[in-house]
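So the chains spell out like this:
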Amino acid sequence: MTDTAAGAQDPGTLVTEYPELRRPHGFTQEGLGWVPWLAPVPEADLTDVQRDALIEPRRASMPYFRLLARDPGALKARTLTDLDIFYNTDGGIGRAERELAAAATSRRNGCVFCASVHAAAATRESDRGADVQRLLDEGVAADLGDERWNAVVAASVTLAGTPLDFGAPDLARLRDAGLDDADILDVIGGAAFFNWANRLMLSLGEPEVPARRNTPEKEETP
């Protein structure tokens, strides 16, 4: 929790505002922080059930996951699904395209925090930082340089807009770009998961530029 919070927070507080928060001015691949509007479970108060639901012990230090820990059953199911979609590479498409699907969905939905995390991961996995940055700067209609990536972004955006609009033409475009059924399933999984996850991030809190970053605000990604 940032020290800019307006007043002490406890489970009875409905909403905490951050009048002095340094907010990002646009989409970026730089690491961002995140602050909750609702009270997370204090780390020292996490029960064994809640800690088990975190799956990874390091998440106990993160306000977002401690907030979701108020419903440990939902958190555990959410986290296991997340890890399987993005880290189970036993078949299917590569990590870069899974992360690209998440980044494109987050860019379309306006989730600056999620876009920063998954755009940076797409760059890390693909070494195509300029193409990923073009997605952030220009939006989901940007030409990323090859049909495979463009098709992944287009499918993700269709799913994010109106899922029922995703159909045979989208599948045909993905197949024409060289994706097989397992690849397509991974793209759908990444996009669908973040179409839901973005809504959690956007409704429960907001991103901040960490104090450790000395980059002037005027240099933030537009």
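Each residue is numbered by its place in its chain's sequence as written, counting from 1. Selection of residues for local features in this predicted model requires a pLDDT of at least 70, selection of side-chain atom pairs for listing and counting requires 80 or more, and totals for whole chains, interfaces and linings are taken over all residues. Hydrogens and waters are ignored; side-chain quantities use all the structure's heavy atoms.

Novice: So what exactly am I meant to see when it comes to the overall build of the chain here?
Specialist: On a plain count of helices and strands, the chain comes out with nine helices and two strands. Counting from the N terminus, the helices are the DSSP runs of H or I reaching at least four residues and the strands are the DSSP runs of E reaching at least two. Tracing the chain from N to C terminus, the helices and strands come up as β-α-α-α-α-α-α-α-α-α-β. For each residue, the accessible area found with a 1.4 Å probe, counting protein chains only, is set against the maximum for its type, and the residue is called buried under 20%, exposed over 50%, and partly exposed in between. In the chain, which comprises 222 residues, the share counted as buried stands at 50%. Reported accessibility uses the Shrake-Rupley method at a 1.4 Å probe radius. Residues are deemed covered only where the shown protein chains occlude them. By element, 53% of the accessible surface of the chain is carried by carbon and sulfur atoms, the whole surface being about 10800 Å².

Novice: Help me out: how do you make sense of the nonpolar core in this one?
Specialist: Looking at soluble globular proteins, one finds that nonpolar side chains tend to be buried together. Counting 55 residues, the largest nonpolar core has Leu174 and Leu179 as its most contacted members. When residues of this core are traced back to their parent elements, those giving at least two are helix H1 (48–54), helix H2 (63–68), helix H3 (72–87), helix H4 (95–109), helix H5 (112–126), helix H6 (129–138), helix H7 (147–161) and helix H9 (181–204). Per element, the largest residue contribution to this core is nine residues, and it comes from H9. With residues near it in sequence (within four places) discarded, Leu174 still touches Ala151, Val152, Ala155, Phe166, Leu179 and Ile184. Here, the term nonpolar core denotes a set of buried Ala, Val, Leu, Ile, Met, Phe, Trp, Tyr and Cys residues that are joined through side-chain atoms within 4.5 Å. In what follows, a contact means two residues having at least one pair of non-hydrogen atoms within 4.5 Å.

Novice: Help me understand the pattern of salt bridges in this model?
Specialist: Should their charged atoms come close, side chains of opposite charge can pair. Salt bridge criterion: a side-chain nitrogen from Lys or Arg within 4 Å of a carboxyl oxygen from Asp or Glu. Inspection of every chain in the model, using the stated rule, returns 14 salt bridges. Among the salt bridges present, the one from Arg98 reaches Asp186, with a minimum N-O distance of 3.1 Å. Taken together, the positions of Arg98 in helix H4 and Asp186 in helix H9 put the pair 88 residues apart, joining distant regions of the chain. The pair Arg98 / Asp186 is uniform in exposure class, with both members buried. In this structure, Arg128 and Asp131 form a salt bridge, with 2.9 Å as the shortest nitrogen-oxygen distance. By relative accessible area, Asp131 is classed as buried at 16%. Linked by salt bridges that have partners in common, Arg128, Asp131, Arg134 and Asp146 make up one network.

Novice: Please clarify how the packing of aromatic side chains should be interpreted in this entry.
Specialist: The relation between two aromatic rings is expressed through the spacing of the ring centres and the mutual angle of the planes. Ring pairs shown here join Phe, Tyr and Trp side chains whose ring centres sit within 6.5 Å, with only the six-membered ring taken for Trp; geometry is labelled stacked below 30 degrees between planes, edge-to-face above 60, and tilted in between. If you walk through the whole model with that rule in mind, you get six aromatic pairs. Ring centres of Trp34 and Tyr64 lie 5.2 Å apart, and the angle between their planes is 80 degrees; on these two criteria the pair is classed as edge-to-face. Here the residue Trp34 occupies a position in strand E1 (residues 33–36), and Tyr64 occupies one in helix H2, the gap between them amounting to 30 residues. On the basis of an interplanar angle of 75 degrees and a centroid distance of 6.5 Å, the ring pair of Phe86 and Phe193 is categorised as edge-to-face. On the criterion of sequence distance, the pair formed by Phe86 in helix H3 and Phe193 in helix H9 is long-range, its members being 107 residues apart. Phe193 carries the same exposure label as Phe86, and that label is buried. Members of the aromatic cluster, each reached through a chain of ring pairs, are Phe86, Phe193, Phe194 and Trp196. Both a distance and an angle decide whether a charge sits over a ring: NZ of Lys or CZ of Arg must be within 6 Å of the ring centre and within 35 degrees of the ring normal. Here Arg59 stacks its cationic end above the ring of Phe65, 4.5 Å away from the centre of that ring. A cation over an aromatic ring shows up here: Arg128 above the ring of Trp149, its NZ or CZ 3.8 Å from the ring centre.

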